[in-house]
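Geometric and topological summary
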Amino acid sequence: MTYAEVIIRLESEKTLVEELNTHLEQEVRCITCGDVQALEETMPGKQKIIRSIAENRSNDEMPQSDPGPEDLGRLRSLQQDLVGLWRKATGLNDLAKSMVTQRLSEIDHQVEIFFAGMKSGYTREGKKSPIALHTIKTGA
């Protein structure tokens, strides 16, 4: 493998990580708007990009010789760009996860309050008292 091939591989990864960031930004917008359907539709595209990044990295061998000055400059520039892009992707992913976790805990709290009134009790004779059936309206 030559340094020109390494540079091509890094440029490809840079493009893929930029696409990943776009998907993550879209994901955060979907979460903010509460659009679960659109959020689910973004997942296959994101998974495809992540697989492409993994395939791009599968050949991790480096050339045995030292790079020339032009290759060295381009390599460093690409590596710095990738570090920044991966930090952005990590931040967006962490934000999306925390937003989803927060929303799920809100839903859990609301459902917990609803089901608290449905707990069964016991009669004076020690038998389980009947539970009134409730309907849960989901809005869907």
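Attention in this report is confined to the structure presented alongside it. All residue numbers here refer to positions counted from 1 along the written sequence of the relevant chain. Per-residue local features are limited, in this predicted model, to residues with pLDDT of at least 70; the limit for side-chain atom pairs, both in listing and counting, is 80 or more; totals at the level of whole chains, interfaces and linings are taken over all residues. The basis for every side-chain value is the complete set of non-hydrogen atoms in the structure, without hydrogens or water.

On to the overall build of the chain. Secondary structure elements are defined from DSSP: runs of H or I of at least 4 residues count as helices, runs of E of at least 2 residues count as strands, and each element is numbered from the N terminus. Each helix and strand in the chain was counted, giving three helices and zero strands. Ordered by position from the N terminus, the helices and strands of the chain form the series α-α-α. Between buried and exposed lies partly exposed: a residue is buried under 20% and exposed over 50% of the maximum accessible area for its type, with that area taken using a 1.4 Å probe on protein chains only. Split into buried and exposed, the 140 residues of the chain put 22% on the buried side. Of the roughly 10400 Å² of accessible surface on the chain, 54% is carried by carbon and sulfur atoms. For every accessible area listed, the method is Shrake-Rupley and the probe measures 1.4 Å; residues are considered covered only by the protein chains on display.

Let us look at the side chain of Thr-42. In this structure, Thr-42 sits in helix α2 (residues 36-57). The exposure class assigned to Thr-42 is buried, which follows from its relative accessible area of 5%. Here a polar contact is recorded for every N or O atom pair within 3.5 Å, except that within protein the pair must consist of a potential hydrogen donor and a potential acceptor, and residues adjacent in sequence are included only if both atoms are side-chain atoms. A distance of 2.7 Å separates a polar atom in the side chain of Thr-42 from the backbone oxygen of Leu-39. Residue contacts are defined here by distance: any two heavy atoms, one from each residue, within 4.5 Å place the two residues in contact. When residues no more than four places from it in sequence are discounted, the contact partners of Thr-42 are His-23, Gln-26 and Glu-27.

The length a helix should cover is 1.5 Å for every residue beyond the first. Its 22 residues give α2 an end-to-end C-alpha distance of 32 Å, which sits within 8% of 32 Å, the value for a rise of 1.5 Å per residue. We define the bend at any residue as the angle between the axes fitted to the seven residues before and including it, ending there, and the seven starting there. The principal kink in α2, of about 25 degrees, is found at Met-43, preceding the proline Pro-44 by one to four residues. Buried within α2 are the following residues: Ala-38, Leu-39, Thr-42, Lys-46, Ile-49, Ile-53 and Asn-56.

Here Val-6 is to be found in helix α1 (residues 3-33). What makes Val-6 buried here is its relative accessible area of 2%. For the pair formed by Val-6 and Asp-60, sequence separation is 54 residues and the distance between their alpha carbons is 8.8 Å. Sequence-distant contacts of Val-6, defined by excluding residues within four places in its chain, comprise Met-1, Met-62, Pro-63 and Leu-75.

Axis separation between α1 and α2 bottoms out at 9 Å; the angle between their running directions is 165 degrees. The pairing of α1 with α2 is recorded here as roughly antiparallel in orientation. Helix-helix and strand crossings are classified by hand; for α1 and α2 the assignment is left-handed. Side-chain classes follow a simple rule in which Ala, Val, Leu, Ile, Met, Phe, Trp, Tyr, Cys and Pro form the nonpolar group, Asp, Glu, Lys and Arg form the charged group, and the remainder, Gly included, forms the polar group. Here the residues of the contact of α1 with α2 are counted per class, giving 12 nonpolar, seven polar and six charged. Angular values range over 0 to 180 degrees, each being the angle between N-to-C directions of two axes fitted as lines to C-alpha atoms, with helices fitted over their stretch in contact. Should an angle fall under 35 degrees it is called roughly parallel, over 145 degrees roughly antiparallel, and 65 to 115 degrees roughly perpendicular, with every other angle called oblique. Rotating anticlockwise by less than a right angle from the far helix to the near helix defines a left-handed crossing, while the corresponding clockwise rotation defines a right-handed one.

A side chain with one charge can pair with a side chain of the opposite charge if their charged atoms come near. Any Lys or Arg side-chain nitrogen found within 4 Å of a carboxyl oxygen on Asp or Glu counts as a salt bridge. Within the structure shown, the criterion is met by six salt bridges. Here Lys-88 and Glu-25 are joined by a salt bridge, their closest N and O atoms 2.9 Å apart. Note that Lys-88 is positioned in helix α3 (residues 69-116) and Glu-25 in helix α1, a separation of 63 residues in sequence. For Arg-103, the salt bridge identified is with Glu-106, shortest N-O distance 3.2 Å. One end of the pair, Arg-103, and the other, Glu-106, are both in helix α3, three residues apart, so they sit about a helical turn from each other.

This part is about the environment of Glu-18. Relative to the helices and strands, Glu-18 is located in helix α1. You can call Glu-18 partly exposed: its relative accessible area is 36%.

Note that Glu-13 resides in helix α1. Separated by 41 residues in sequence, Glu-13 and Ala-54 have C-alpha atoms that sit 9.3 Å apart. Of note is the side chain of Glu-13, whose polar atom sits 3.0 Å from the side chain of Trp-86.

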